[in-house]
Amino acid sequence: MADNVEDVTHEILKGIQASITTLNERVGQLSEEFGRRFEHLEAGLRKDRRNVAGMLVMMRATAGDFDERVTEIEERVATLEARVQ
């Protein structure tokens with residue numbers, strides 16, 4: 001019986017070792033997959049940051065142009081009001 005227990009123990013240890021090897025391979029695959037996914041997300045974030053920066057520039061230019069036009073209209077109205085009085 002003692003020989004049988006040693007044989008079973010040896011087989012159990014072999015099974016554990018095989019499971020650890022399989023686990024290490026799977027962890028390596030997951031690590032590579034997550035690395036690719038993070039790289040994809042980072043690229044998307046960089047693109048989004050560029051787009052947001054461009055939109056801010058356009059919004060500031062539009063707001064500045066709008067402000068300039070409103071100021072021009074205010075000046076014209078003030079000139080017309082001054083003529084009437």
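These remarks concern the structure in this document. The residue numbering used here restarts from 1 in each chain and proceeds along that chain's sequence as written. With the structure being a predicted model, the display of local features is reserved for residues of pLDDT at least 70 and the display and counting of side-chain atom pairs for 80 or more, all residues being used for whole-chain, interface and lining totals. Neither water nor hydrogens contribute to the side-chain values; these are computed over all heavy atoms in the structure.

## Remarks on the overall build of the protein
And step 1. Helix and strand definitions follow DSSP, with helices as H or I runs of at least four residues and strands as E runs of at least two, each counted in order from the N terminus. For the protein, the count of helices and strands is one helix and zero strands.
And step 2. Here the radius of gyration uses the C-alpha set of atoms, whereas the globule reference equals 2.2 Å times the residue count to the power 0.38. Against the globule reference of 12 Å for 85 residues, the protein gives a C-alpha radius of gyration of 36 Å, more extended than a compact globule.
And step 3. Overall, the C-alpha framework of the protein stretches about 120 × 20 × 5 Å when taken along its three principal axes.
And step 4. Exposed residues in this analysis have more than 50% of their type's maximum accessible area, buried residues have under 20%, and partly exposed residues fall in between, with area computed by a 1.4 Å probe over protein chains only. Looking at the 85 residues of the protein, the share that counts as buried comes to 0%.

## Side note on a positive patch on the surface
And step 1. Patch membership is restricted to residues that have no salt bridge and whose relative accessible area is over 30%. Joining uses 9 Å for like charges and 5 Å for the nonpolar side chains Val, Leu, Ile, Met, Phe, Trp and Tyr. Accessibility throughout is a Shrake-Rupley quantity obtained with a 1.4 Å probe, and a residue counts as covered only by protein chains that appear here. Counted as salt bridges are all cases of a side-chain nitrogen of Lys or Arg within 4 Å of a carboxyl oxygen of Asp or Glu. Counted as positive: Lys and Arg. Counted as negative: Asp and Glu, with His and the chain ends omitted from the count. Think of each charge as sitting on NZ of Lys, CZ of Arg, CG of Asp or CD of Glu. Positive charge collects at one region of the surface, where R46, K47, R49 and R50 lie side by side.
And step 2. Along the chain, R50 turns up in helix α1 (residues 2-84).

## Some thoughts on the pattern of salt bridges
And step 1. Tallied over the full model, the rule gives four salt bridges.
And step 2. Residue E11 is joined to K14 by a salt bridge in which the shortest nitrogen-to-oxygen separation is 3.8 Å. With E11 and K14 both in helix α1, this residue pair falls three residues apart, about one helical turn.
And step 3. A salt bridge links R76 to E72, with the nearest nitrogen and oxygen atoms 3.0 Å apart. Placement of both R76 and E72 in helix α1 is noted, with a separation of four residues, approximately one turn of the helix.
And step 4. For E72, a relative accessible area of 38% corresponds to the partly exposed category.

## Comments concerning a negative patch on the surface
And step 1. A contiguous patch of negative charge, built from D67, E68, E74 and E75, is present on the exposed surface.
And step 2. Locating E75 in the fold gives a position in helix α1.

## Notes on the environment of H40
And step 1. Residue placement: H40 occurs in helix α1.
And step 2. For H40, a relative accessible area of 62% translates into the label exposed.

## A closer look at a nonpolar patch on the surface
And step 1. Residues V8, I12, L13, I16 and I20 make up a contiguous nonpolar surface patch of about 450 Å² in total accessible area.
And step 2. Mapping I20 onto the fold places it in helix α1.

## Details of the environment of F38
And step 1. Position of F38 among the secondary structure elements: in helix α1.
And step 2. Exposure remark for F38: the relative accessible area of 52% places this residue in the exposed category.
And step 3. For the pair F38 and L23, spaced 15 residues apart in sequence, the C-alpha to C-alpha distance is 22 Å.

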